[in-house]
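# Observations on the three-dimensional arrangement
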Amino acid sequence: MAIMATRKAIFITGGGSGIGRAIALRFAREGWFIGLGDINEDGMRETEGLIGNGFTYRHVLDVRDRAAWDVALEAFSLAAGDRIDVMANNAGIPLGGSLQENSPEEIERCLDINLKGTFFGAQAVMPYLMKTAPGSCLLNTSSAAGLYGSGGASVYSASKFGVRALTESLDAEWAEHGIEVRSLMPSFIDTPLLDQAPNAKANEQIRQRVTDGGLEITPVEEVGNAAWKAVHGKELHVKVGRTANKMAFASRWMPGRVRKMSRNNNRPLGR
């Protein structure tokens with residue numbers, strides 16, 4: 001029988017950049033063993049270099065492939081000493097523009113990565129989290145877009161509402177096993193994703209749209225700190241950034257005002 005290592009371990013999808021990298025760096029500072037899953041191996045190598053303590057493991061992973069999840073998690077568990085304490089279900093992509101602008105391929109890719117990949121990750125990691133329960137945690141990355149649907153981002157919003165629903169459902173399902181389930185709900189975070197076009201037909205970057213709208217861009221380090229807070233706290237959905245907190249308050253207490261603002265502010269991305 002394998003003896004479980006004492007160093008806690010976290011596996012992070014999308015660990016090659018952005019939010020995933022910020023989570024990796026935050027937990028590494030606390031002495032955790034870090035597992036990185038991403039399709040971008042060069043990005044994962046960069047994350048490993050920034051951590052620099054040798055307690056890392058990387059695995060090229062396409063979250064849309066259910067069988068690949070089993071291979072990745074088994075390999076990481078072995079590398080970490082037969083344990084996974086936290087899994088950060090973080091991999092995701094943006095998609096903006098009106099629904100008519102989004103191609104079928106873009107819609108399928110966004111839903112497959114953001115939603116299906118998150119479901120597959122949760123399903124695959126559950127047996128490992130049971131081994132380290134009570135106190136193990138599934139941490140899903142949702143979004144402020146999962147608080148109220150955004151005009152010009154219908155597919156992305158729907159995917160993040162789905163992640164929010166999955167979090168709430170598993171919070172109920174897994175409570176008897178001692179597994180905590182949490183979500184992060186960041187607003188616009190300063191990552192390379194903001195420098196992408198929202199869709200294939202757009203002629204402006206997401207960052208430009210955010211700046212033109214006068215919206216806050218939150219430093220990525222805040223998400224790493226929020227992830228640590230989420231795993232060790234009691235709040236089911238942890239909002240990140242002023243915009244996310246304002247949206248959470250307004251959608252609950254002033255839904256009519258939020259609806260009016262959403263209609264007034266709607267402008268198809270790329271025009």
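Preceding this paragraph is the structure being described.
Overview of the structure. None of the values given here were measured: they were computed from a predicted structure.

Rules of the game
- Residues numbered from 1 in each chain as written.
- Predicted model: local features only at pLDDT ≥ 70, side-chain atom pairs only at ≥ 80, totals over all residues.
- Heavy atoms only, no water.
- Helix = DSSP H or I, 4+ residues; strand = E, 2+ residues; numbered from the N terminus.
- Buried < 20%, exposed > 50% of the residue type's maximum accessible area, 1.4 Å probe, protein only.
- Contact = heavy atoms within 4.5 Å.
- Core = buried A, V, L, I, M, F, W, Y, C linked by side-chain atoms within 4.5 Å.

This brings us to the overall build of the chain. Per the secondary structure count, the chain includes nine helices and seven strands. Taking all 271 residues of the chain together, 50% fall into the buried category. Within the chain, contacts between residues separated by at least 24 positions form 68% of all contacts whose residues are at least 6 apart in sequence.

Buried together is how nonpolar side chains tend to be arranged in soluble globular proteins. In this structure, Phe-11, Trp-69, Leu-73, Val-125, Leu-138 and Trp-174 are the most contacted members of the largest nonpolar core, which totals 30 residues. If you list the elements that add at least two residues to this core, you get β1 (9-13), α3 (66-79), α4 (104-132) and α5 (154-173). It is α4 that provides the largest number of residues to this core, a total of eight residues. Setting aside chain neighbours within four positions, we find Phe-11 in contact with Gly-35, Leu-36, Gly-37, Leu-61, Trp-69, Ala-72, Leu-73, Phe-76, Val-86, Met-87 and Ala-88.

For the rest of this paragraph, the subject is the side chain of Asn-89. With respect to the helices, strands and loops of the structure, Asn-89 is situated in strand β4 (residues 86-89). Residue classification places Asn-89 among the buried residues on the basis of a relative accessible area of 2%. If sequence neighbours within four positions are ignored, Asn-89 has contacts with Thr-13, Trp-69, Gly-117, Thr-118, Gly-121, Ala-122, Leu-138, Leu-139, Asn-140 and Thr-141.

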